[in-house]
Amino acid sequence: MKILIVEDDRVLNNGIALSLRNAETEIAQAYDIGEARGLLDQAVSLILLDVGLPDGSGLDFCREIRRAKGVGSGVSIIFLTANDMEFDIVAGLDAGADDYITKPFSLAVLRARIDAVLRRHRESDDSAESGVFEQGGFLFDFDRMCF
Ligand code: CA
């Protein structure tokens, strides 16, 4: 699994990277949106995305990723935000994020949020596949009872 951290606070970025990196988790680190664009590939399953970045808004970058149908379209996104006003939370979720976490946060809580988002993601992948069977050129969809 690969996680992309987009956070311009280098101390925070490195701290998150250190705490999440392990045998199963590869970490990529970007300090602005330009760098993040260059590092986003199909291997990335989750982006931790700061809202206030030097070259733009994380909200806009999130919308950009969700609009694009190609690279990174299935990626999970969790906002790291210093703004805990209701408006900002709504804006983050409206932009297509899976979750948000308000700074300052504990790394244990961050890890729990990441696990929850990835679990939901896997479950929705599974259910998308489980109800559909292909047989002799026909596609049967048992969830929608049609083919
Ligand atoms: Ca920032």
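Here, the structure is the one placed above.
Residues numbered from 1 in each chain as written. Predicted model: local features only at pLDDT ≥ 70, side-chain atom pairs only at ≥ 80, totals over all residues. Heavy atoms only, no water.

J.: Any chance you could explain the coordination of the calcium ion here in plain terms?
T.: The reference angle at a metal is 109.5 degrees if four donors form a tetrahedron and 90 or 180 degrees if six donors form an octahedron. Around the calcium ion, the protein contributes the donor atoms Asp8 (OD), Asp50 (OD) and Gly52 (O), which lie 2.1 to 2.3 Å from the metal centre. What makes aspartate 50 buried here is its relative accessible area of 4%. (Donors = N, O, S within 2.8 Å, 3.2 Å for Na, K, Ca; no water. Buried < 20%, exposed > 50% of the residue type's maximum accessible area, 1.4 Å probe, protein only.)

J.: I keep staring at empty space enclosed by the protein and nothing clicks. Help me out?
T.: If a probe as big as a water molecule is rolled over the atoms, it shows which places are left empty. The full count for this structure, using the stated rule, is 1 cavity of 30 Å³ or more. Each pocket or cavity is described by its volume, and for the largest cavity that value is around 40 Å³. In terms of lining, the largest cavity is formed by Val51, Phe79, Thr81, Asp88, Ile89, Gly92 and Tyr100. When contributions to the lining of the largest cavity are tallied by element, the ones reaching two or more residues are β6 (76-81) and α4 (86-94). Of all the elements, α4 adds the most residues to the lining of the largest cavity, at 3 residues. Residues of the lining of the largest cavity, tallied by class, amount to 4 nonpolar, 2 polar and 1 charged. (1 Å grid on protein atoms, 1.4 Å probe; cavity = no way out; pocket = protein on both sides within 12 Å on 5 of 7 lines; lining within 4 Å. Points joined across faces, edges and corners; volume = space filled by probe spheres on them. Helix = DSSP H or I, 4+ residues; strand = E, 2+ residues; numbered from the N terminus. Nonpolar A, V, L, I, M, F, W, Y, C, P; charged D, E, K, R; others polar.)

J.: Could you clarify how one ought to interpret the pairing of β6 in this entry?
T.: Note on strand geometry: in a regular strand, side chains alternate between the two faces of the sheet. With respect to burial, β6 is a largely interior element, 6 of its 6 residues being buried. Every second residue of β6 is oriented toward a common face, with Ser76, Ile78 and Leu80 on one face and Ile77, Phe79 and Thr81 on the other, all of them buried. By the bridge criterion, 5 bridges tie strand β3 (residues 44-50) to β6 in an arrangement that is parallel. Note on β6: the bridge partner recorded for aspartate 50 is leucine 80. Bridge count between β6 and strand β7 (residues 99-102): 4 bridges; the pairing is parallel. If you follow threonine 81 over to β7, its bridge partner there is threonine 102. (Pairing = 2+ DSSP bridges.)

J.: Sorry, what's going on with helix α3 (residues 58-67) here?
T.: Taken together, the buried positions of α3 are occupied by Gly58, Leu59, Phe61, Cys62 and Ile65. Looking straight down α3, one finds that the buried residues subtend no more than 165° of arc, so they occupy a single side. Here α3 starts with a cap whose side-chain oxygen sits 2.9 Å from the backbone nitrogen of leucine 59, and that cap is serine 57. (Arc of directions from axis to C-beta. Polar contact = N/O pair within 3.5 Å; in protein donor to acceptor, adjacent residues only side chain to side chain.)

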